[in-house]
Amino acid sequence: MSAGWVVAIVLAIGAIAYFFSAQRARVQRDASDRSKEVPHSLPTYHGWLSFIFATVPALLVFLALSAVSSAILESRVRTEVSAHLSDTSAASLSIGIVHNVSSALNRLDLSGANVPTSYAALRDMAKSSGIVLADSGEDYMLPLAASVNADAAVHKLIGQGLTLLLSLAGAAFAYSRIRLRLRARNEVERVVLWSLLAASTVAILTTVGIVLSMLSETVHFFSEVNPLNFFFGTVWDPRFAAAGSGGTEGQFGLIPLLAGTLYIAFVSMLFAVPVGLMAAVYMGEYASSKVRSTVKPLLELLAGIPTIVYGIFAVVTLGPFFRDLSAALAGGFAFIQAQSVLTAGIVMGVMLIPVVSSLSDDVITAVPRAMRDGSLALGATRSETIRKVILPAALPGIVGALLLTASRAIGETMIVVLAAGVAARINFNPFEAMTTITVKIVNQLTGDLEFNSPQTLVAFALGLTLFALTLAMNVYALYIVRKYREQYE
Amino acid sequence: MSLESAATTAAPVARPNAPPKMQGDKVGVFYGEKQALFDVDLKIEQFNVTSLIGPSGCGKSTFLRSLNRMNDTIDGCRVVGKITLDKDDIYDPSIDVVELRARVGMVFQKPNPFPKSIYENVAYGPKIHGIARNKADLDEIVHSSLRRAGLWNEVKDRLNEPGTGLSGGQQQRLCIARAIATKPEVLLMDEPCSALDPIATAVIEELIDELRENFTIVIVTHSMQQAARVSQKTAFFHLGKLIEEGKTEDIFTNPRNKQTQDYITGRIG
């Protein structure tokens, strides 16, 4: 019986429990005398409560037992494998082979006396059934894998039996508890609360997990490269060489990448902020509701375009256009390169327009109508009202919106990969190529590289730096936005 | 204090034979298809306080807002008939709305100071209309407006603090100071005391009485006592129609119309 079946059966038990409990509650309710005892909860709540009792504990126990079982088996494989090995660094490889052997035995349906005694024999058998096994397996792995399989089967049986028993017990318990005054409604409410809480915890835990995994690799990187050279180095030259091949340690200076990131983000903001803000003012203050209901979704359509498409647009259309334009202007010499800060900045700016305009529009329309009326009633024109009352009142919110936008710009990858080039250098000519942190992360992680060399690990340090940068901006933006909200409440 | 005695103590100071400052002639207001105001004929006398009373939704605020064309800011709102200010039709296409609103100021139901300093709140109108010639001039306008709004003594030491930090009654007086700083001829007040406590209300009412020396005032109010205390003329609206208008003392002591009588004695509304 597979795990899917167990879950399905548990759910079926829950459904049956729901049905009978609701029925029982209904019968009790109909038979009750309202003048003596008022029924507390509706029959559906009794049903849901029984469903929860039948399913939630059983499924949790099922998950827990599966985890315990695989942990036990894993540690057993580990101890036995390391008993056979002198070099512990290869242990993880051998453990992997044992697992492959286990699954091969399962798929070939071999157990007990049928298990071949030599690894080579098994490999041939597996090969004829289309299963590929590694060359470096050894004979001792076969009985180990077979006994692991046998244990796993026992664990599985125990786990499934316990789960089904628990489910039935839960259903029976909940069914027997049904009384007129049982506060089933409140108990269901509490379960709802806990499940909502669990859902929101997932996001937080994921973030923590991401940071921790990056952190451990970053620490690994900094054990090989001096943090001072990373944070203050002005040369980015990682030298794609194998680790430990002495004398070719690259230079991992963050500064050129940081400069490129900030420069390109700055150019894109230079383009996106005025356009987006003016669009937001038009939407919020001038547009009739008819125009607004057409133009706003159209503008937000821009936000739905995948950034890789913007990147293609930049590299295929806009970049060559700027190059040819500059060549025509300067009489043959193209002073704008096809891949340049300018191209990347403008295309990213276009991507950011809906972000700026939609965030600012929310802030602008949140300024109370009384402010507009007050100013208009004093004989101010609309644009005077916007400039002197609405924008100042909305300013903290707009600054917050711009910071959020800037962190989007800093974290953007696909556009800059295609449009800005890969040349890591400090340069203030917007017509030449520069590169960003995100581009270099992509560069360092793609290709056939040894994973624990500094050349690869630097990607994690870069990622963590980027994360810290955007996190700081977002926190600051939220702080400003929150402060602003308090003003009108 | 009875209504009668309150009404009789407020002596009218209307200049005899002076032409009305503003006049509505068959004014109707539509919100989309729905007509909210029907054929209102009303004269607003100069240097008088005219109060508009009536139950909620009777059109009194709508009429008030059509006097400085604030209804223009509402989508789908349309005004028919004629409203004049010193004989000029304010809905004439040649009229500059911005200029009109500088001449006909407005104070709203809920105090709405800008999120700026007290000084900047009052200086806002004079600045955009270029009333002050220099900084000293502007200071003088701000100070005298605050003085006339009865707020000077309370705020003179903190002119640079935000106007939103004042109490509700002070905020409303700040809004009055802001409105009179542009030197309007007419001041419209849309239930200016409905968000205030009785003490702040009394201060504002006293202020209204002083202001009518220099301004023509139209006030919408739900409180009949307030209408009786502050106004010389009263107009009663019901279901979008002007039912009765006249001297305040007449309306409250001797209403000609049955509906008016029912309303002021509390039987409808």
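Residues numbered from 1 in each chain as written. Chains lettered and ligands numbered in written order. Predicted model: local features only at pLDDT ≥ 70, side-chain atom pairs only at ≥ 80, totals over all residues. Heavy atoms only, no water.

The next point concerns the overall build of chain B. Along the backbone of chain B there are 11 helices and 10 strands. Overall, chain B is about 55 × 45 × 35 Å in size when its C-alpha atoms are taken along their principal axes. Here chain B holds 269 residues, and the buried ones make up 53% of them. Look at the contacts in chain B between residues 6 or more apart in sequence, and 68% of them connect residues 24 or more apart. Accessible area of chain B: about 11800 Å², with a carbon and sulfur share of 48%. Taken as two groups, the 33 positive and 35 negative side-chain charges of chain B have centres that lie 1 Å from each other. (Helix = DSSP H or I, 4+ residues; strand = E, 2+ residues; numbered from the N terminus. Buried < 20%, exposed > 50% of the residue type's maximum accessible area, 1.4 Å probe, protein only. Contact = heavy atoms within 4.5 Å. Areas by Shrake-Rupley, 256 points an atom, 1.4 Å probe, with all protein chains shown as cover. Lys, Arg positive; Asp, Glu negative; His and termini not counted. Charge placed at Lys NZ, Arg CZ, Asp CG, Glu CD.)

With that settled, the discussion passes to a nonpolar patch on the surface. All names here are of chain A. There is a patch of nonpolar side chains on the surface, built from Ile305, Ile308, Val309, Ile312, Val315, Val316 and Met414 and spanning about 510 Å² of accessible area. A per-element tally of the nonpolar patch places helix H10 (residues 307-329) first, with 5 residues. If you trace the backbone, Ile305 turns up in the loop between helix H9 (289-304) and H10. We classify Ile305 as partly exposed; its relative accessible area is 32%. (Patch = residues over 30% accessible without salt bridge, like charges linked within 9 Å, V, L, I, M, F, W, Y side chains within 5 Å. Salt bridge = Lys/Arg side-chain N within 4 Å of Asp/Glu carboxyl O.)

Right, let's talk about the domain arrangement of chain A for a bit. Interfaces are often sized by the amount of accessible area the parts lose when they come together. If you check the domain split of chain A, you get domain 1 (3-182) and domain 2 (237-488). Relative placement of domain 1 of chain A and domain 2 of chain A: their C-alpha centres are 48 Å apart. (Domains from an automatic or database assignment.)

Residues and elements named next belong to chain A. In this model, helix H3 (residues 91-108) (18 residues) spans 25 Å end to end at C-alpha, consistent with the 26 Å of a helix rising 1.5 Å per residue. Three or more residues of H3 are buried, namely Ala91, Ser94, Ile95, Ile97, Val98, Val101, Ser102, Ala104, Leu105 and Leu108. One or two positions beyond H3, positive phi appears at Asp109, with a value near 60°. (Expected span 1.5 Å × (residues − 1).)

The next point concerns the pairing of strand E8 (residues 216-220) of chain B. Residue and element names in this part refer to chain B. When you tally the buried positions in E8, you get 5 out of 5 residues, the bulk of the element. By the alternation rule, side chains of E8 split into Thr216, Val218 and Val220 and Ile217 and Ile219, which are all buried. Here strand E3 (residues 49-53) runs beside E8; their pairing, made up of 4 bridges, is parallel. Note that in E8 the partner of Thr50 across the bridge is Val218. Two elements, strand E7 (residues 186-190) and E8, share 5 bridges in a ladder whose sense is parallel. (Pairing = 2+ DSSP bridges.)

Within a regular strand, side chains alternate between the sheet's two faces. Residues and elements named next belong to chain B. Sheet analysis places strand E1 (residues 22-31) next to strand E4 (residues 77-85), joined by 8 bridges and oriented antiparallel. Residue Gly24 lies in a different strand from E4, and its bridge partner there is Ile83. Turn length for the E4-strand E5 (residues 88-89) hairpin, with the two strands adjacent in sequence and antiparallel, is 2 residues, and the turn residue Asp86 shows positive phi of about 50°.

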